[in-house]
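# What the coordinates show
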Amino acid sequence: MSELTILREFEAKRSQLASESLELCDDFNKFSDECSFLCDAFAAVARDPACITPETSEGIWYVCYKLKIQIRTYRDQIDGIHQGLRALRPNLNSEDE
């Protein structure tokens, strides 16, 4: 494989990872804002225990479950980007030799 081909593949992968990273940051910023709102809402509900009906309790459980799933998804996406970056590292080292 020619050096030019290796450099093009490297740059394409680096560009893809940069794009994924920026998209993930944008998504996470929106998620963070939503979490902030939900934390305020949960705190308000906790201040007035009389309003915690079975439906409210079920709703809180559901929202917490969805948050947990989204956090795992973000973790998996971050791991994927890190793995991609680690895979690029040997290519950088081999060019130094």
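Refer to the structure above for everything that follows.
Just so it is clear, the structure is predicted and the values come from calculations on it, not from any experiment.

Conventions and cut-offs
Residues numbered from 1 in each chain as written. Predicted model: local features only at pLDDT ≥ 70, side-chain atom pairs only at ≥ 80, totals over all residues. Heavy atoms only, no water. Helix = DSSP H or I, 4+ residues; strand = E, 2+ residues; numbered from the N terminus. Buried < 20%, exposed > 50% of the residue type's maximum accessible area, 1.4 Å probe, protein only. Patch = residues over 30% accessible without salt bridge, like charges linked within 9 Å, V, L, I, M, F, W, Y side chains within 5 Å. Areas by Shrake-Rupley, 256 points an atom, 1.4 Å probe, with all protein chains shown as cover. Salt bridge = Lys/Arg side-chain N within 4 Å of Asp/Glu carboxyl O. Lys, Arg positive; Asp, Glu negative; His and termini not counted. Charge placed at Lys NZ, Arg CZ, Asp CG, Glu CD. Phe/Tyr/Trp six-rings, centres within 6.5 Å; stacked < 30°, edge-to-face > 60°.

Along the chain, Ala41 falls in helix H1 (residues 3–47). The exposure class of Ala41 is partly exposed, given its relative accessible area of 30%.

Attention now goes to a negative patch on the surface. Taken together, the side chains of Glu20, Glu23, Asp26 and Asp27 define an acidic patch exposed on the protein surface. Tracing the sequence through the fold places Asp26 in helix H1.

Right, let's talk about the packing of aromatic side chains for a bit. The description of two aromatic rings rests on the distance between their centres and on the angle between their planes. Within the structure shown, the criterion is met by four aromatic pairs. Look at Phe28 and Phe31: their rings are 6.0 Å apart centre to centre, the planes differ by 45 degrees, and that puts the pair in the tilted class. Of this pair, Phe28 and Phe31 are both found in helix H1, three residues apart, which corresponds to roughly one turn of the helix. Given a relative accessible area of 41%, Phe28 falls into the partly exposed group.

Applying the stated criterion across every chain, the model contains two salt bridges. For Asp76, the salt bridge goes to Arg75, with nearest N and O atoms at 3.8 Å. Asp76 sits in the partly exposed class, given a relative accessible area of 47%.

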